Amino acid sequence: GYDMSNPAQPRQIRFMAVAGTGLHRIWYTGRRSDYASALPDGFTNYIMITIDMVAPTKPQVLGQFWPPGRDASPRKASPTGDIAYCNWRDACLAIIEVSDRSAPTLIAHKFCSPPFGGSTHNALLLRKHNFPILVDETVLDHGKDGVKPICIFDNHIRANPIITVTCPAPRF
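Residues numbered from 1 in each chain as written. Predicted model: local features only at pLDDT ≥ 70, side-chain atom pairs only at ≥ 80, totals over all residues. Heavy atoms only, no water.

The next thing to look at is the sheet that holds strand β11 (residues 120-126). Taking strand neighbours across the sheet as the criterion, the four strands line up as β11-β12-β13-β14 in an open arrangement whose pairing is antiparallel. Because the sheet does not close on itself, it has two edges, and the strands there are β11 and β14 (162-167). Each strand axis lies, on average, 25° off the axis of its neighbour in the sheet, ignoring direction. Where strand β13 (residues 150-154) lies against β14, five bridges are found, and the strand directions are antiparallel. Note on β14: the bridge partner recorded for Cys151 is Thr166. (Pairing = 2+ DSSP bridges. Helix = DSSP H or I, 4+ residues; strand = E, 2+ residues; numbered from the N terminus. Axes fitted to C-alpha atoms, helices over the stretch in contact; angles between N-to-C directions.)

Take a look at the structure:
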């Protein structure tokens, strides 16, 4: 991490080594914890980790999470209070309880692939309406890797979010 009090001269104030290949994406909320996807030793794909930021110059891994039975790959965790909305590539949406940052637990896990093409890239919560939004990444031109809609979930029953809307693909 860097001290950005003088944006023209960022000053490194911390570095956290992670065994394996390191971190992929970090989501810092300005609170006690960071969330990141990391590829630690012993895994073949990224997992979610929580990072204790109480002492900003000495961050420490608090906990780890990955969907049960899967060596999946989170792209990013979007925390809202004690809940994190995670996108897990072809494992789609995971809603995770993070009130105990050292032991995140699964609330719900929803697959969209099939029928859609997979490669989930972002998940976030529209707080006003309690709707998680899920966006898949297109990596091949002209839809050759399948349909990649934006999915909007109804999250009023958090343990069972359901897709209520799929947005049509834009016209070019």
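Attention now moves to the sheet that holds strand β4 (residues 33-39). Each strand in a sheet pairs with its neighbour through backbone hydrogen bonds, running either in the same direction (parallel) or in the opposite one (antiparallel). Spatially, the four strands line up as an open sheet ordered β3-β4-β5-β6, and their pairing is antiparallel. Among the strands making up the open sheet, the edge pair consists of β3 (22-28) and β6 (60-65). Here the average twist between neighbouring strands, direction ignored, is 30°. Across five bridges, the pairing between strand β5 (residues 47-52) and β6 is antiparallel. Pairing of Ile49 across the sheet is with Gln64, part of β6.

Nonpolar side chains in soluble globular proteins tend to be buried together. By size, the foremost hydrophobic cluster in this structure holds 13 residues, and its most contacted members are Tyr85, Leu93, Ile95, Cys112, Leu134, Cys151 and Phe153. Breaking this core down by element, the ones donating at least two residues are β8 (83-87), β9 (93-97), β11 and β13. Among all residues touching Leu93, those that are not within four sequence positions of it are Cys86, Trp88, Ala108, His109, Lys110, Ala123, Pro132, Leu134, Phe153 and Pro161. Judged by nonpolar contacts, the second largest core, of 10 residues, contains Phe65, Ala77, Trp88 and Val98. (Core = buried A, V, L, I, M, F, W, Y, C linked by side-chain atoms within 4.5 Å. Buried < 20%, exposed > 50% of the residue type's maximum accessible area, 1.4 Å probe, protein only. Contact = heavy atoms within 4.5 Å.)

To continue, consider a nonpolar patch on the surface. There is a patch of nonpolar side chains on the surface, built from Leu23, Ile26 and Tyr28 and spanning about 280 Å² of accessible area. Within the secondary structure, Leu23 sits in strand β3. The class of Leu23 is partly exposed, set by a relative accessible area of 32%. (Patch = residues over 30% accessible without salt bridge, like charges linked within 9 Å, V, L, I, M, F, W, Y side chains within 5 Å. Areas by Shrake-Rupley, 256 points an atom, 1.4 Å probe, with all protein chains shown as cover. Salt bridge = Lys/Arg side-chain N within 4 Å of Asp/Glu carboxyl O.)

Here we come to the pattern of salt bridges. A full pass over the atoms with the stated rule returns three salt bridges. Residue Asp82 is joined to Arg101 by a salt bridge in which the shortest nitrogen-to-oxygen separation is 3.2 Å. With Asp82 in the loop between β7 (76-80) and β8 and Arg101 in the loop between β9 and β10 (105-110), this pair connects stretches of sequence that are 19 residues apart. With relative accessibility at 12%, the residue Arg101 sits in the buried group. Residue Lys148 is joined to Asp145 by a salt bridge in which the shortest nitrogen-to-oxygen separation is 3.4 Å.

This part is about the environment of Ala123. Along the chain, Ala123 turns up in strand β11. When the C-alpha atoms of Ala123 and Ala169 are compared, they prove to be 18 Å apart, with 46 residues separating the residues in sequence. Setting aside residues no more than four positions away along its own chain, Ala123 makes contact with Ser78, Tyr85, Cys86, Asn87, Leu93, Ile133 and Leu134.

Okay, the side chain of Lys148 next. Within the secondary structure, Lys148 sits in the loop between β12 (131-136) and β13. Using a relative accessible area of 16% as the deciding quantity, one classes Lys148 as buried. One polar contact links the side chain of Lys148 to the main-chain carbonyl oxygen of Glu137, over a distance of 2.9 Å. A polar side-chain atom of Lys148 sits 3.4 Å from a polar atom in the side chain of Asp145. (Polar contact = N/O pair within 3.5 Å; in protein donor to acceptor, adjacent residues only side chain to side chain.)

The sheet contact formed by β11 and β12 spans six bridges and is antiparallel. The residue bridging Leu126 from the neighbouring strand is Phe131, located in β12. As consecutive antiparallel partners, β11 and β12 are separated by four residues, and within that stretch Asn130 has a phi angle of approximately 60°, a positive value.

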